[in-house]
Amino acid sequence: MLMSNEDAYPCFIKSNQKVLLEEVASLSITEDTFQSVLTSVRELQLNDRAMFDKANRAFVSYVQAYGKHECSVLLQVKDLDLVSCALSFGLLRLPRMPELKNRKVEHFTAVDIDFNTIGYKNPQRETKRKKCLRVYEQTGEWPDAKFKGKGGDKGKRKKKQTVAWSEKKAKKEASQEKRAKRKEVKQMKEETGVGRKRKKRSEVSEEELKEMAKDIGLLRKLKKKKVRELNPLLIYFINRRGIHIKQTKNP
């Protein structure tokens with residue numbers, strides 16, 4: 001059955017997927033029939049925790065798939081009656097999920113029981129669950145053999161902050177857009193040659209030119225043996241150039 005905001009969906013799927021949907025006569029379900037079916041579905045979950053887990057996962061998957069639908073203009077989670085959906089799945093309680101945040105769920109009545117008392121029909125799974133439950137009651141942490149944390153903290157679950165899928169999608173699209181813009185700017189700079197950093201030649205002052213000319217003159221006199229005493233600093237630079245000299249004193 002389609003909701004009032006989903007009336008345009010048959011036209012959408014006909015034009016995009018070439019699928020023709022035909023309207024069928026609506027089923028008349030009485031309140032007694034609904035309560036009877038709901039009680040039966042909940043009894044299945046109370047007798048086997050595996051059914052309880054599957055019902056919760058099915059509801060969460062349905063809501064997330066609804067929010068990820070390609071026709072997001074028509075199918076929006078904010079217009080979805082989550083309480084009616086939860087009752088149609090026969091949930092014993094509403095699961096914790098970001099889509100239920102700030103939503104009115106007063107019409108949903110959870111079953112008033114201790115949910116830790118619901119066991120698995122499978123004896124191996126039930127034995128493992130009870131063992132983990134005892135550890136949880138003592139330490140406050142639920143052990144999980146599949147998880148191994150840092151520093152040998154095996155079996156400690158890390159609590160993850162729940163984030164709505166729409167927020168994750170928006171962040172991902174924003175990062176992709178920024179990456180595309182950076183790539184485009186980089187290509188444009190490479191094509192135009194704009195933004196290339198060129199090393200500037202260090203300008204030589206007039207005083208440095210005079211000092212260099214003076215040093216060159218001293219070197220020439222040194223070669224002609226006209227100079228016997230040199231500045232120690234000048235000797236150091238000459239030796240660095242590969243010309244090894246020794247300073248001689250006047251006789």
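Everything quoted here is computed from the prediction, not taken from an experiment.

### Digging into the overall build of the chain
Thinking step 1. Helix and strand counts for the chain stand at eight helices and zero strands.
Thinking step 2. Reading the secondary structure of the chain in the N-to-C direction produces α-α-α-α-α-α-α-α.
Thinking step 3. If you sum the accessible surface of the chain, you get close to 21600 Å²; carbon and sulfur atoms cover 52% of it.

### Points about the packing of aromatic side chains
Thinking step 1. Under the defined criterion, the tally for this structure stands at four aromatic pairs.
Thinking step 2. Each ring, one from Y62 and one from Y66, has its centre 6.2 Å from the other, and the planes form 45°; the classification is tilted. One end of the pair, Y62, and the other, Y66, are both in helix 3 (residues 49-67), four residues apart, so they sit about a helical turn from each other.
Thinking step 3. Taking the relative accessible area as the measure of exposure, Y62 reaches 35% and is therefore partly exposed.
Thinking step 4. Members of the aromatic cluster, each reached through a chain of ring pairs, are F59, Y62, Y66 and F89.
Thinking step 5. The residue whose ring lies beneath R93 is F115, and the NZ or CZ to ring-centre distance is 4.3 Å.
Thinking step 6. In this structure, R125 is placed above the aromatic ring of Y120, and the distance from its NZ or CZ to the ring centre is 4.2 Å.

### Here's the deal with a positive patch on the surface
Thinking step 1. Residues K54, R57, R125 and K128 make up a contiguous surface patch of positive charge.
Thinking step 2. Secondary structure elements with two or more residues in the positive patch: helix 3 and helix 5 (123-139).
Thinking step 3. Here K54 lies in helix 3.

### Digging into a nonpolar patch on the surface
Thinking step 1. Taken together, L27, I29 and F34 make up a surface patch of nonpolar side chains, about 330 Å² in accessible area.
Thinking step 2. You can call F34 partly exposed: its relative accessible area is 30%.

### Let's talk about unusual backbone geometry
Thinking step 1. For N102, which is not glycine, the phi dihedral falls at a positive 60°.
Thinking step 2. Mapped onto the elements, N102 comes out in the loop between helix 4 (82-88) and helix 5.
Thinking step 3. Residue classification places N102 among the exposed positions, given a relative accessible area of 76%.

### Thoughts on a negative patch on the surface
Thinking step 1. Together, E206, E207, E208 and E211 make up a region of like negative charge exposed at the surface.
Thinking step 2. Among the structural elements, E211 can be located in helix 7 (residues 206-223).

### Observations regarding helix 3
Thinking step 1. Along its 19 residues, helix 3 runs 28 Å from first to last C-alpha, staying within 8% of the 27 Å computed at 1.5 Å per residue.
Thinking step 2. Within helix 3 the residues assigned to the buried category are R49, A50, F52, D53, A55, N56, F59, V63 and Y66.
Thinking step 3. Structurally, the start of helix 3 carries an N-cap: the backbone nitrogen of A50 is 3.2 Å from a side-chain oxygen of D48.

### As for the pattern of salt bridges
Thinking step 1. Counted under the stated rule, the structure contains two salt bridges.
Thinking step 2. A salt bridge links E126 to R129, with the shortest nitrogen-to-oxygen separation between them at 3.0 Å. Placement of both E126 and R129 in helix 5 is noted, with a separation of three residues, approximately one turn of the helix.
Thinking step 3. Judged by its relative accessible area of 11%, E126 falls in the buried class.
Thinking step 4. A relative accessible area of 8% means that R129 is categorised as buried.

### A short note on helix 5
Thinking step 1. With 17 residues, helix 5 should cover 24 Å at 1.5 Å per step; its first-to-last C-alpha distance of 24 Å lies within 8% of that length.
Thinking step 2. For helix 5, the full list of buried residues reads E126, R129, C132 and L133. Projected onto a plane normal to the axis of helix 5, the buried residues spread over an arc of 130° and lie on a single side. Structural note: helix 5 exposes P123, Q124, T127, K131, Q138 and T139 on the side pointing more than 90 degrees away from its buried face.
Thinking step 3. Among the structural elements, helix 3 are those in contact with the buried residues of helix 5.
Thinking step 4. Positive backbone phi, at 80°, marks G140, one or two positions downstream of helix 5.

Rules of the game
Residues numbered from 1 in each chain as written. Predicted model: local features only at pLDDT ≥ 70, side-chain atom pairs only at ≥ 80, totals over all residues. Heavy atoms only, no water. Helix = DSSP H or I, 4+ residues; strand = E, 2+ residues; numbered from the N terminus. Areas by Shrake-Rupley, 256 points an atom, 1.4 Å probe, with all protein chains shown as cover. Phe/Tyr/Trp six-rings, centres within 6.5 Å; stacked < 30°, edge-to-face > 60°. Buried < 20%, exposed > 50% of the residue type's maximum accessible area, 1.4 Å probe, protein only. Lys NZ or Arg CZ within 6 Å of the ring centre and 35° of its normal. Patch = residues over 30% accessible without salt bridge, like charges linked within 9 Å, V, L, I, M, F, W, Y side chains within 5 Å. Salt bridge = Lys/Arg side-chain N within 4 Å of Asp/Glu carboxyl O. Lys, Arg positive; Asp, Glu negative; His and termini not counted. Charge placed at Lys NZ, Arg CZ, Asp CG, Glu CD. Expected span 1.5 Å × (residues − 1). Polar contact = N/O pair within 3.5 Å; in protein donor to acceptor, adjacent residues only side chain to side chain. Arc of directions from axis to C-beta. Contact = heavy atoms within 4.5 Å.

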